[in-house]
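These are the residues of each chain, in order.
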Amino acid sequence: MTSPPAPWSTSWHSGVAAPLFERFGGRNMMMVSTFIQLCRFIVTSMLLDYAQKPGYAGQQEVTEATISWFFIYYIGFGLGMLGIPWLYPTEINSLPMHTKGAAVATATDCLTNFVVVGIMPSGIQTLGWRFYIIFTVLNAAFLSIM
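In this text the structure is predicted, and so the values were computed from the model without any measurement.

S.K.: Mind laying out helix α5 (residues 98–127), listing which residues take part and the relevant values?
M.R.: The end-to-end C-alpha distance of α5, which contains 30 residues, comes to 41 Å, matching closely the 44 Å that a straight helix rising 1.5 Å per residue would cover. Residues Gly 101, Ala 105 and Gly 123 constitute the buried set of α5. The inward-facing, buried residues of α5 contact α4 (84–92) and α6 (131–145). Positive backbone phi, approximately 65 degrees, marks Gly 128, located one or two places after α5.

This is the structure in structure tokens:
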């Protein structure tokens, strides 16, 4: 017998996202998701800055708050940016372009995942909490062009 998915699991939030996609549309769901991620990166960057200050009295509390914002990120990501980029190209493309749009979306998803996974370890090692500023700027840019 398998156990149910954990509440922070992205698969659970993707299941919630499917009916919301039909009700609110893919673009709106991606915008909400990007906004949640943007807020998470801003708050996490600030919290990690405080957590790494020597002698800061609230380091334990700030660290715990940072962890909670990681869960908020997974909720936002699962609601909009996990599955919707797979569905949205077929929604906005004409019938003859469905397969081409899905192919481009799949290739883009794989390429960006490869790049993020490739640069994350060295980026965090080199820049520390400042590395999250890159993702903050990217999410702000994505939100402004959606």
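S.K.: Can you explain the nonpolar core? Please cite residues and give values.
M.R.: If you look at the biggest cluster of nonpolar residues, it comprises seven residues: Phe 41, Leu 48, Tyr 73, Trp 129, Phe 131, Tyr 132 and Phe 135. With three residues, α6 is the single largest residue contributor to this core. Non-local contacts of Tyr 132, meaning those with residues more than four positions away in its chain, are made with Arg 40, Phe 41, Ser 45, Leu 48, Phe 70 and Ile 124. Of all hydrophobic cores here, the second largest spans six residues; its members include Met 29, Met 30, Ile 84 and Tyr 88.

S.K.: I'd love a proper account of the packing of helix α2 (residues 26–51) against helix α3 (residues 59–81), names of residues and values included.
M.R.: α3 packs onto α2 with a crossing angle of 165 degrees between their chain directions and a minimal axis gap of 8 Å. The orientation of α2 relative to α3 falls into the category roughly antiparallel. The element α2 and its partner α3 pack so that their crossing is left-handed. A per-class count over the contact of α2 with α3 returns 19 nonpolar, nine polar and one charged.

S.K.: Pulling in residues and values, what's your account of the side chain of Arg 40?
M.R.: Note on placement: Arg 40 falls in helix α2. Although Arg 40 is buried, it forms no salt bridge, and the closest oppositely charged side chain is Asp 49 at an N-O distance of 15 Å. Discounting residues that sit within four places of it in the chain, Arg 40 has contacts with Trp 69, Phe 70, Tyr 73 and Tyr 132.

S.K.: How would you sum up the packing of α2 against α6? Please name residues and give values.
M.R.: Two numbers describe how α2 lies on α6: the axes approach to 9 Å, and their chain directions differ by 155 degrees. The angle between the axes of α2 and α6 places the two elements in the roughly antiparallel class. Classified by chirality, the crossing of α6 by α2 is left-handed. Touching Met 31, Thr 34, Phe 35, Gln 37, Leu 38, Arg 40, Phe 41, Ile 42, Ser 45 and Leu 48 of α2 are Tyr 132, Ile 133, Phe 135, Thr 136, Asn 139, Ala 140, Phe 142 and Leu 143, all from α6. Within the contact of α2 with α6, the residues separate by chemical class into twelve nonpolar, five polar and one charged.

How each quantity is defined
- Residues numbered from 1 in each chain as written.
- Predicted model: local features only at pLDDT ≥ 70, side-chain atom pairs only at ≥ 80, totals over all residues.
- Heavy atoms only, no water.
- Helix = DSSP H or I, 4+ residues; strand = E, 2+ residues; numbered from the N terminus.
- Expected span 1.5 Å × (residues − 1).
- Buried < 20%, exposed > 50% of the residue type's maximum accessible area, 1.4 Å probe, protein only.
- Contact = heavy atoms within 4.5 Å.
- Core = buried A, V, L, I, M, F, W, Y, C linked by side-chain atoms within 4.5 Å.
- Axes fitted to C-alpha atoms, helices over the stretch in contact; angles between N-to-C directions.
- Parallel < 35°, antiparallel > 145°, perpendicular 65-115°, else oblique.
- Left-handed = near helix turned anticlockwise from the far one by under 90°.
- Nonpolar A, V, L, I, M, F, W, Y, C, P; charged D, E, K, R; others polar.
- Lys, Arg positive; Asp, Glu negative; His and termini not counted.
- Salt bridge = Lys/Arg side-chain N within 4 Å of Asp/Glu carboxyl O.

These values are about where atoms sit, not about what they do.
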